[in-house]
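Report on the structure
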Amino acid sequence: MSLAAEAFSSQIAAAEPWPENATLYQPLSEEQILLSDNASSLAVQTYLRMCNLPVRVSCRANAEFMSPSGKVPFIHVGNQVVSELGPIVQFTRAKGHSLSEGLDDVQRAEMKAYMELVNNMLLTAELYIQWCDDTTATEVSRPRYSSPYSWPLNHILAYQKQWEVRRKMNAVGWGGKSLEQVYEDVSQCCQALSQRLGTQLYFFNKQPTELDALVYGHIFTIITTQLTNNELAERVQNFSNLLSFCKRIDQTYFGKPDESSASSRHSKGPSL
């Protein structure tokens, strides 16, 4: 398809209303999904709820391989398939649904900077802990990631994924970090987020943006996911305003506190 044809197709898709049968795809919630994918999926679900855009969640064992980018979650809306929060935000904006429309240029740039911080620190830390910490990889990540598949495919896919993530960690300069250094990076990231949030309801005063959805997705998932130890969750739980922020979003957009943790593996620590 030519660039002109693709542009025309995108314009037609943008003009179409949001359908009632829009679907979000993610890995199997009970036995397969890992912390990082669960956090990313929850962030997208939260963003769509903040936009009042209905979406049905479909759990598929091969969701990662169905995705056009190889990453989850992804949404199927009409004849369009879009993966990851950033492109999904752009897609909904083209349809006239935006949470950050009221921000000025300075605020929008600041919002994007904090979203980069979350992706570069929290998401990377989640991936590191899942696949570079040998205990977590052995006891949690490889068994869950490969659970839908039979031998020998389960071992092949799990070790292939671990190799891919470890290669990425080396590429971004995290390969030589210790687990304690990663935990410290998480604390510093949460400190920056906590200071920016302060006593506000949301990061930009009284209305949520995609940054709020992203932070909620990661913070909530970290404190409700059982790993081999509690250190990651305990680092996050040191910031009381982030916990209150999560509780507020959970109650506002998901109703009862337990409803949005349905895709989490286990609950641990103090309740929100």
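Residues numbered from 1 in each chain as written. Predicted model: local features only at pLDDT ≥ 70, side-chain atom pairs only at ≥ 80, totals over all residues. Heavy atoms only, no water.

Across the chain, pLDDT averages 91, with 88% of residues at or above 70. Overall, residues 1-9 carries pLDDT values under 50, and its contacts beyond four positions in sequence, including any with other chains, amount to two contacts. Low confidence marks residues 257-272, where pLDDT is under 50. Its contacts with residues over four positions away, or in another chain, come to 40 contacts. (pLDDT = per-residue confidence, 0-100. Contact = heavy atoms within 4.5 Å.)

The next point concerns unusual backbone geometry. Residue P73 is reached from V72 by a cis peptide bond, and omega for that bond is 5°. Tracing the sequence through the fold places P73 in the loop between α3 (63-66) and β3 (74-77). For N52, which is not a glycine, the phi torsion comes out positive at approximately 60°. Since its relative accessible area comes to 68%, N52 is described here as exposed. In this model, E84 sits at a positive phi of 75°, which is unusual for a non-glycine residue. Along the polypeptide, E84 turns up in the loop between β4 (80-83) and α4 (85-94). (Helix = DSSP H or I, 4+ residues; strand = E, 2+ residues; numbered from the N terminus. Buried < 20%, exposed > 50% of the residue type's maximum accessible area, 1.4 Å probe, protein only.)

Time to look at the environment of Y183. Here Y183 lies in helix α8 (residues 179-197). Each C-alpha atom of the pair Y183 and A233 lies 9.8 Å from the other, and the pair is 50 residues apart in sequence. Apart from residues no more than four positions distant in its own chain, Y183 is found in contact with I129, N229, E231, L232 and R235.

Counting through the fold element by element, K161 comes out in helix α7 (residues 153-171). Take K161: its relative accessible area is 18%, and that puts it in the buried class. Among all residues touching K161, those that are not within four sequence positions of it are E64, W131 and Y145.

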